[in-house]
Amino acid sequence: MKVVQVATEMYPLLKLGGLGDVIGSLPAELVKLGVNVQVVLPFYYSMDLSSVSLVKTNEKVEFQFDGELQTVRVFKVVVNGVSVVLLDNGKFIGNYIKVAFAGDQPEVNHYAFFSRAVSMWLVKHAQDIDLVQLHDWHVGLVPWLFHHQVAKAQRNQPKFLFTIHNLGYHGFSDLSLVDRLGISNVKKLSDDPSFDFDARGDHQLDLLLQGLLSADFLSTVSPTYAEEIQRPEYCEGLCSVLQKRSSRLVGILNGIDTQDWNPSTDTKIVQTYTRNTVKEGKASNKRQLLDQLGLEVNESAPLIGFVGRLDPKQKGLQLIDEFLPVIIGHQARPTFILLGVGDPVWEDNFVQLAESYRDQINVQIAYDERLAHQIYAASDIMLIPSAYEPCGLVQMIAMRYGAIPIVHAVGGLKDTVKDGETGFCFEKYSVRELIDCTNRAFSCYRKKQEWNNLVARVMGVDFSWTTSAKKYQELYEHILRLMR
Ligand code: ADP
């Protein structure tokens, strides 16, 4: 079985969040299972190519975009045993600086261009590919663009699986993008509902919606999120589309790269440790980090960490903002470290908050892989109070490092953290419930033996990709049987 995965980030070449982690580890795990996997990415010149050797091939694809003939050249690298195709175009791809979400027309143009390039590359290789897995809204146009070139009825063509990593991000464009894409016979195709560009009837093209409509099968990144997104609270106005397609929608939990995230071999942390040495190891990492950041060094007080994109819609920033001034006064005298980048208003807000509580709160507005590792290793507790969370990797990484997660019980957080057993969960999205939940965590923290048992238990939970990669393999086989 030959599978192509199309995405826009892959650790260690480029990572902004969980998607980069997933593409950095799932394909490699599938290769281990014997699946022939290739990854296709945009070639950003800012990528970190220090650990790979770049090969320029003679291959190229050409197409019209924005009224001009564009050439896309093909480069190749191998990442963790996975063959990766990098599509290069100086004008629309190479110098683009990818951010978590810009929400503007140049961003949509960029991904539409990449999707067009991918579709042209797929047309050339279609005979050799069984299935294409498309990751997130950035590449939602690919099935449409591919079928524009290759009639759906034609035999031996790849099937498309569209994976939703976050339904909160769409990629909206005005309809002029259709002209820019250089596609001629749009009208002819428009009696097929999956080829309706203005699918909401609001004169907006929605890249995410295109993926949901036009792929053969849909998946998302946890079983609970697969159910939630069919309900009004979480469906982002796409309930009817998702409900109609529910027999072709599954949730498969993400895993983490247990080699990269391994406290016993991690070269980014001050002192490595295992389940047996976590007490001393964590104390040493904690001491060092508190000292380095100028926080009060009190080993017996709980250290709470937060690592994540500062997205006010998703990551529970309002709760953190209200929660911190209250919890910081707790008799346990906790310290709190936040590492994140995102919404500038929230960046400023947290910096100011830290100014008011210098001894106990530290805020780092940065994307810093090393510091992230150090926070997981030093923290007693990791806070993940997301309003919604498709899967979430932070809680899984936290557990691997013996940091106990406090989570809002939604999406993948609900699927991975069991209240009282492997962390602390609150049901209702409210600051009151978050405070109560944290108080429960603090009272457990005081009972040293109970806490140590909890830490040992969470460090033993298996979040490796082994089970989930097998599920993807079975899903691919299921789709190919279904669509034969
Ligand atoms: P999302 O995909 O919504 O960003 P996830 O929990 O799935 O959230 O994954 C987040 C990943 O990105 C984790 O590996 C986390 O450690 C990392 N991360 C997020 N923000 C930062 C940051 N500012 N610096 C370093 N790593 C970060």
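Scroll up to find the structure this text is about.
Computed from a prediction, not measured in an experiment: that's the story for all the values here.

About the cut-offs
- Residues numbered from 1 in each chain as written.
- Predicted model: local features only at pLDDT ≥ 70, side-chain atom pairs only at ≥ 80, totals over all residues.
- Heavy atoms only, no water.
- Salt bridge = Lys/Arg side-chain N within 4 Å of Asp/Glu carboxyl O.
- Helix = DSSP H or I, 4+ residues; strand = E, 2+ residues; numbered from the N terminus.
- Buried < 20%, exposed > 50% of the residue type's maximum accessible area, 1.4 Å probe, protein only.
- Near = heavy atom within 4 Å.
- Polar contact = N/O pair within 3.5 Å; in protein donor to acceptor, adjacent residues only side chain to side chain.
- Areas by Shrake-Rupley, 256 points an atom, 1.4 Å probe, with all protein chains shown as cover.
- Nonpolar A, V, L, I, M, F, W, Y, C, P; charged D, E, K, R; others polar.
- Pairing = 2+ DSSP bridges.
- Axes fitted to C-alpha atoms, helices over the stretch in contact; angles between N-to-C directions.
- Contact = heavy atoms within 4.5 Å.
- 1 Å grid on protein atoms, 1.4 Å probe; cavity = no way out; pocket = protein on both sides within 12 Å on 5 of 7 lines; lining within 4 Å.
- Points joined across faces, edges and corners; volume = space filled by probe spheres on them.
- Parallel < 35°, antiparallel > 145°, perpendicular 65-115°, else oblique.
- Core = buried A, V, L, I, M, F, W, Y, C linked by side-chain atoms within 4.5 Å.
- Left-handed = near helix turned anticlockwise from the far one by under 90°.
- Expected span 1.5 Å × (residues − 1).
- Arc of directions from axis to C-beta.
- Phe/Tyr/Trp six-rings, centres within 6.5 Å; stacked < 30°, edge-to-face > 60°.
- Lys NZ or Arg CZ within 6 Å of the ring centre and 35° of its normal.
- Patch = residues over 30% accessible without salt bridge, like charges linked within 9 Å, V, L, I, M, F, W, Y side chains within 5 Å.

Student: Is there a simple way to think about the pattern of salt bridges in this case?
Tutor: Once their charged atoms are close, side chains differing in charge can pair, the charge on each being opposite to the other. In this structure the tally under the stated criterion is 17 salt bridges. The salt bridge partner of glutamate 68 is lysine 91, with a shortest N-O separation of 3.7 Å. Here glutamate 68 is found in strand S4 (residues 68–79), whereas its partner lysine 91 is found in helix H2 (residues 90–94), with 23 residues between them in sequence. Ionic pairing is found between aspartate 380 and lysine 286, a salt bridge with its closest N-O pair at 2.7 Å. Here aspartate 380 is found in the loop between helix H13 (369–378) and strand S15 (381–384), whereas its partner lysine 286 is found in helix H10 (residues 278–292), with 94 residues between them in sequence. Assessed through its relative accessible area of 7%, aspartate 380 is described here as buried. Via salt bridges that share partners, Lys15, Asp21 and Glu369 belong to a single interconnected network.

Student: I'm lost on the site of the ligand in this one. Help?
Tutor: Gly18, Asp21, Arg309, Ala366 and Tyr376 are the nearest of the 21 residues found near the ligand. In the model, an oxygen atom of the ligand is placed 2.7 Å from a nitrogen or oxygen of the arginine 309 side chain. Here tyrosine 376 contributes a side-chain N or O atom positioned 2.8 Å from an oxygen atom of the ligand. Contact with the protein chains covers 93% of the free accessible surface of the ligand, which is 560 Å². Residues of the shell around the ligand, tallied by class, amount to 10 nonpolar, six polar and five charged.

Student: Is there a simple way to explain the sheet that holds strand S13 (residues 335–340) in this structure?
Tutor: Two pairing modes exist for strands in a sheet, parallel and antiparallel, and in both the strands are linked by backbone hydrogen bonds. With parallel pairing, the six strands of this open sheet are ordered in space as S14-S13-S12-S15-S16-S17. In this open sheet, the two edge strands, each paired with only one partner strand, are strand S14 (361–365) and strand S17 (424–426). Taken pair by pair, the neighbouring strands of this sheet meet at an average axis angle of 15°, ignoring direction. Note: S13 against S14, five bridges, orientation parallel. Bridge assignment links phenylalanine 336 to a residue of S14, and that residue is isoleucine 361. Packed on one face of the sheet, helix H16 (residues 431–446) meets strand S12 (303–307), S15, strand S16 (404–408) and S17 and runs near 165° to S17.

Student: Just to check I follow, could you spell out the layout of surface pockets for this structure?
Tutor: Over the atoms, a rolled probe matching the size of one water molecule traces out where space is still vacant. In this structure, the second largest pocket spans a volume of roughly 360 Å³. Along the wall of the second largest pocket there are 16 residues; nearest its centre are Val278, Lys279, Asp380, Trp451 and Asn452. Listing elements by their share of the lining of the second largest pocket, those giving two or more residues are H10 and helix H17 (448–459). Top element by residues in the lining of the second largest pocket is H17. It accounts for six residues. Tallied by class, the residues present in the lining of the second largest pocket amount to six nonpolar, three polar and seven charged.

Student: I keep staring at the packing of H16 against H17 and nothing clicks. Help me out?
Tutor: Helices that pack against each other are described as a pair by the angle of their axes relative to one another and the distance between those axes. Packing of H16 against H17 leaves a shortest axis separation of 5 Å and a crossing angle of 110°. With respect to each other, H16 and H17 are oriented roughly perpendicular. Across from Ala441, Cys444, Tyr445 and Arg446 in H16, the residues of H17 making contact are Lys448, Glu450, Trp451 and Leu454. Residues of the contact of H16 with H17, tallied by class, amount to five nonpolar, no polar and three charged.

Student: Looking at this model, I keep getting lost on the nonpolar core. Mind explaining?
Tutor: Within soluble globular proteins, side chains that are nonpolar generally end up buried alongside one another. Counting 168 residues, the largest nonpolar core has Leu87, Leu122, Leu212 and Tyr376 as the members making the most contacts within it. Here the element with the most residues in this core is helix H3 (residues 105–125); it accounts for 10 residues. In this structure leucine 212 touches Phe162, Ile164, Leu167, Leu218, Leu238, Val241, Leu242 and Arg245, once residues within four positions along its chain are discounted.

Student: Is there a simple way to explain the packing of helix H11 (residues 317–327) against H16 in this structure?
Tutor: One way to put it is that H11 packs onto H16 with a least axis distance of 10 Å and a crossing angle of 50°. Taken together, the axes of H11 and H16 lie oblique to each other. For the pair H11 and H16, the crossing hand works out as right-handed. Contacts between H11 and H16 pair Leu319, Glu322, Phe323, Val326 and Ile327 from the former with Val431, Leu434, Ile435, Thr438, Asn439 and Phe442 from the latter.

Student: Help me understand H17 in this model?
Tutor: For an α-helix, 3.6 residues make a turn, and residues three or four places apart therefore share a direction. Its 12 residues give H17 an end-to-end C-alpha distance of 16 Å, which sits within 8% of 16 Å, the value for a rise of 1.5 Å per residue. Taken together, the buried positions of H17 are Trp451, Leu454, Val455, Val458 and Met459. The buried residues of H17 occupy an angular sector of 130° when the element is viewed end-on, so they sit on one face. Looking at the buried positions of H17, the neighbouring elements they touch are H10, S15, helix H14 (394–400), S16, S17 and H16.

Student: Can you walk me through the packing of aromatic side chains in this structure?
Tutor: Aromatic rings considered in pairs are described by the distance between their centres and by the relative angle of their planes. By the definition in use, this model includes 16 aromatic pairs. Each ring, one from phenylalanine 65 and one from phenylalanine 92, has its centre 4.9 Å from the other, and the planes form 75°; the classification is edge-to-face. Of this pair, phenylalanine 65 sits in strand S3 (residues 55–65) while phenylalanine 92 sits in helix H2, and the two are 27 residues apart along the sequence. What links up through ring pairs into an aromatic cluster is the set Phe63, Phe65, Phe92 and Phe113. It is lysine 15 that lies over the ring of tyrosine 11; its NZ or CZ is 5.6 Å from the centre. It is lysine 448 that lies over the ring of tyrosine 445; its NZ or CZ is 3.7 Å from the centre.

Student: Even after reading the chapter, I still don't get a nonpolar patch on the surface, so can you show me in this structure?
Tutor: On the surface, a nonpolar cluster with roughly 290 Å² of combined accessible area is contributed by Val341, Val351, Ile365 and Tyr367. Look at valine 341 and you get partly exposed, because its relative accessible area is 34%.

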